[in-house]
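In case you want the letters, here they are:
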Amino acid sequence: MNILILGGGGREHAFAWKISQSPDCSGLFIAPGNAGTAAFGTNIELIPTDFPAVKKACVENQIDMLVVGPEEPLVLGIVDFFTADPELSEIMVIGPTAQGAQLEGSKAFSKRFMQKYQIPTAGYREFDAENYTEGSDYLKAHSLPIVLKADGLAAGKGVIICNSHVEAMAEFELMLQQNKFGEAGKRIVVEEFLDGIEVSIFLLTDGDHYVLLPEAKDYKKIGEGDKGPNTGGMGAVSPVPFADKAFMKKVTDRIIEPSIRGLREEGIDYRGFIFIGLIKVNGEPEVIEYNCRMGDPETEVVLPRLKNDLLALFRAVAERKLDTIQMDIDPRAVATMVVVSGGYPGSYEKGHTISGLDYKTKDSLIFHSGTRIEQGKVLTQGGRVLCVTSYAETLPEAIRKSIGVLHHIDFEGMYYRRDIGYEFL
Ligand code: AMP
Ligand code: GLY
């Protein structure tokens, strides 16, 4: 089978690493990929939202399966584009249709979905220019903190947690009247603040059945002790100790099963990943958000714990036979630590040479996020540059192993958080 992975981050490097181990993988292409994915297949220079370019790459390379990493092409309807084109319709695509991707692409859609299928989530209201005044009055009477969310995709920046009414009113105005998030913020969801500890769970569904992948917890803040601005993610761990059997039973009964049932009842053809961001409030799970893809850096701890052949799983998704799959999960602890460029998530430099990447140990893997190759050298090319994932019997040991590898890696301005998994140590 020839496979094309769309995307170019650590998530896609982890997909390439895992897919390349499958006996069914005869040709592997990654678009655009990075210096790390180049070791597992052929990188193709294109922008994942440029559907005609993706088509060309699929036709030229006789692709049998397309694995979509990021949310944007899914929300823009890449699955529908493939289905509608006779030259592409035979290709298996891992990812939901545009309608299914609305779970991530529209906060209002996902809140309505949860309300309809009685899935526990924070109470909310929707506002836009039409009911602006009603929204202002609603905000004034709202308990603090107030959570404002841009309806559409806003590159991870669309959620604002306000600690005062003045701040909430100002953000409300910026979003609805000054177009702070452009189209994405023309409608906003105002919701209650949920106080608890977060965990991410990952499903792969064929629309009728699903399998549960290992859960993970990510660390979004740039600074140790969860201080400073949000990033794309500074590290992740799996398993998450508090996501025990009793908790996961509640998650399955109250969240996973109704979500799969809801998608089916809505007539949505969902064949791909569902990433559910959960929060545990007084022992009970509530949904913070859905994503229509895997997480990054969560994939870099989830896939290393998956012992199944990933291509066999994907084939079962495409053929709606996931009920035939027996999951095989590595019981060991896995942690990943993300290395970023100095200045990130603000402005940062690119093009610094990375040394030490050939350092090898039995229990660690290096996944590239933002790198490129120039004249045989691997250079930094993004805010998040790479991550180091390690396996161990315990989480503290896994983290120690990753730090051990990180001592050998160097580039100008490099930074990483040393306290990943701190609550569980
Ligand atoms: P999202 O973009 O929906 O993932 O939100 C980003 C982050 O904002 C989440 O991971 C949470 O940490 C936080 N968040 C979102 N909604 C809420 C809420 N209702 N209560 C508390 N925190 C929230
Ligand atoms: N790490 C969070 C995300 O992928 O959305």
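Our subject is the structure listed above.
Residues numbered from 1 in each chain as written. Chains lettered and ligands numbered in written order. Predicted model: local features only at pLDDT ≥ 70, side-chain atom pairs only at ≥ 80, totals over all residues. Heavy atoms only, no water.

### Remarks on the state of the cysteines
Should the sulfur atoms of two cysteines be covalently bonded, the bond is a disulfide. The following threshold applies: Any two cysteine sulfur atoms within 2.5 Å of one another count as a disulfide.
Using the criterion set out here, one finds zero disulfides in the structure. Not engaged in a disulfide, the cysteine Cys292 finds its nearest cysteine sulfur in Cys58; these two sulfurs lie 18 Å apart.

### Quick notes on the pattern of salt bridges
Opposite charge on two side chains permits them to pair, given that their charged atoms come into close proximity. The line we're drawing: What counts as a salt bridge is simple: a side-chain nitrogen of Lys or Arg found within 4 Å of a carboxyl oxygen of Asp or Glu. Per the convention used, a helix needs a DSSP run of H or I reaching at least four residues, while a strand needs a run of E reaching at least two, with both numbered from the N terminus. With a 1.4 Å probe rolled over the protein chains alone, any residue whose accessible area is under 20% of its type maximum counts as buried; one over 50% counts as exposed, and the rest are partly exposed.
Summed over the entire model, instances satisfying the criterion amount to 31 salt bridges. The salt bridge involving Glu71 is made with Arg293; its shortest N-O contact spans 2.9 Å. With a gap of 222 residues between them, Glu71 in helix α3 (residues 71-75) and Arg293 in the loop between β17 (284-291) and α10 (299-305) connect regions that are remote in the sequence. Judged by its relative accessible area of 13%, Arg293 is buried. Taking the shortest distance from any N to any O, the salt bridge between Lys220 and Asp218 comes out at 3.7 Å. Residue Lys220 is classed as partly exposed on the basis of its relative accessible area of 34%. Within the structure, one salt-bridge network assembled from shared partners comprises Lys55, Asp85 and Glu87.

### Let's talk about the site of ligand 1
Quick reminder of the rule: To be near a molecule or strand, a residue needs just one of its heavy atoms within 4 Å of it. N or O atoms within 3.5 Å of each other form a polar contact, as long as, within protein, one can give a hydrogen and the other can take it, and as long as residues adjacent in sequence are counted only when both atoms are side-chain atoms. All accessible-area figures derive from a Shrake-Rupley calculation using a 1.4 Å probe, and residue coverage is judged against the displayed protein chains alone.
Around ligand 1 there are 13 residues in total, and Glu191, Glu192, Leu194, Glu198 and Glu289 lie nearest to it. Lys107 places a side-chain nitrogen or oxygen 3.0 Å from an oxygen atom of ligand 1. One nitrogen or oxygen atom from the side chain of Glu289 is found 2.6 Å from an oxygen atom belonging to ligand 1. A total of 480 Å² of accessible area belongs to ligand 1 in isolation, and the protein chains cover 86% of it. Of all elements in the fold, only β7 (146-150), β8 (159-162), β9 (187-192) and β17 reach the threshold of two or more residues within the shell around ligand 1.

### Points about the packing of helix α1 (residues 10-19) against helix α11 (residues 310-318)
Note the following rule: Orientation is described by axes fitted as lines to C-alpha atoms, over the contacting stretch for helices, and by angles from 0 to 180 degrees between their N-to-C directions. Any angle between 65 and 115 degrees counts as roughly perpendicular, while under 35 counts as roughly parallel, over 145 as roughly antiparallel, and the rest as oblique. Contact definition: two residues touch when any of their heavy atoms are within 4.5 Å. Put simply, Ala, Val, Leu, Ile, Met, Phe, Trp, Tyr, Cys and Pro go in the nonpolar bin, Asp, Glu, Lys and Arg in the charged bin, and everything else, Gly too, in the polar bin.
Running from amino to carboxyl end, α1 crosses α11 at an angle of 100°, the nearest separation of the two axes being 8 Å. Our classification of the angle between α1 and α11 gives roughly perpendicular. Listed contacts from α11 to Phe15, Lys18 and Ile19 of α1 are Leu310, Leu311 and Phe314. Residue composition of the contact of α1 with α11, grouped by class: five nonpolar, no polar and one charged.

### A short note on the nonpolar core
Here is the rule: What makes a nonpolar core is a set of buried Ala, Val, Leu, Ile, Met, Phe, Trp, Tyr and Cys residues whose side-chain atoms join them at distances within 4.5 Å.
In this structure, Leu4, Leu66 and Ile78 are the most contacted members of the largest nonpolar core, which totals 74 residues. Residue contributions to this core peak at seven residues, all from helix α9 (residues 245-265). Leaving out residues up to four positions away in the same chain, Leu66 has contacts with Leu4, Leu6, Val54, Ile78, Phe82, Ile91, Met92, Val93 and Ile94. Of all hydrophobic cores here, the second largest spans 46 residues; its members include Val67, Val211, Ile222 and Phe367.

### A short note on the site of ligand 2
Around ligand 2, the surrounding shell consists of Asp218, Gly232, Phe275, Arg293, Gly295, Asp296, Pro297 and Glu298. With respect to ligand 2, the backbone of Gly232 contributes an N or O atom lying 3.4 Å from a nitrogen atom. In the model, a nitrogen atom of ligand 2 is placed 2.9 Å from a nitrogen or oxygen of the Glu298 side chain. Alone, ligand 2 offers 200 Å² of accessible surface; in the complex the protein occludes 87% of this. For the shell around ligand 2, the residue count by class is two nonpolar, two polar and four charged.

### Focus on unusual backbone geometry
The omega torsion of the bond from Asp296 to Pro297 falls at 20°, within 30 degrees of zero and hence cis. Relative to the elements of secondary structure, Pro297 occurs in the loop between β17 and α10. Unlike most non-glycine residues, Gln62 shows phi in positive territory, near 50°. Assignment of secondary structure puts Gln62 in the loop between α2 (51-60) and β4 (65-68).

### Here's the deal with the side chain of Asp419
Along the polypeptide, Asp419 turns up in the segment after α12 (395-406). Overall, the relative accessible area of 13% leaves Asp419 in the buried class. Among the polar contacts listed, one links the side chain of Asp419 to the backbone nitrogen of Gly225, at a separation of 2.6 Å. Excluding residues that lie within four positions of it along the chain, Asp419 makes contacts with Glu224, Gly225 and Asp226.

### With respect to the environment of Asp151
By the element assignment, Asp151 lies in the loop between β7 and β8. The class of Asp151 is buried, set by a relative accessible area of 13%. The residues touching Asp151, leaving out its near neighbours within four places in the chain, are Gly105, Ser106, Lys107, Ala108, Phe109, Ala184, Arg187 and Ile188. Engagement of the side chain of Asp151 in a polar contact is seen with the backbone nitrogen of Ala108, the distance being 2.8 Å.

### Looking at the sheet that holds β8
How we decide: For two strands to count as paired, DSSP must find a minimum of two bridges between them.
Pairing is antiparallel in the open sheet, where four strands are placed in the order β6-β9-β7-β8. Of all strands in the sheet, those with a lone pairing partner are β6 (124-128) and β8, marking the two edges. Each neighbouring strand pair of the sheet contributes to a mean axis angle of 25°, computed without reference to strand direction. Bridge count for β6 against β9 is five bridges, and the pairing is antiparallel.

### Considering the packing of aromatic side chains
The condition is simple: A pair of aromatic rings is counted whenever rings of Phe, Tyr or Trp (Trp by its six-membered ring) have centres within 6.5 Å, and the orientation is called stacked for planes under 30 degrees apart, edge-to-face for over 60 and tilted otherwise.
Here the structure, examined in full by the defined rule, presents 17 aromatic pairs. Ring plane angle 80° and centroid distance 6.0 Å describe the contact between Phe113 and Tyr290, whose orientation is recorded as edge-to-face. Of this pair, Phe113 sits in helix α6 (residues 107-116) while Tyr290 is found in strand β17, placing the two residues 177 residues apart along the sequence. Relative accessible area serves as the criterion here: at 4%, Phe113 is assigned to the buried category.

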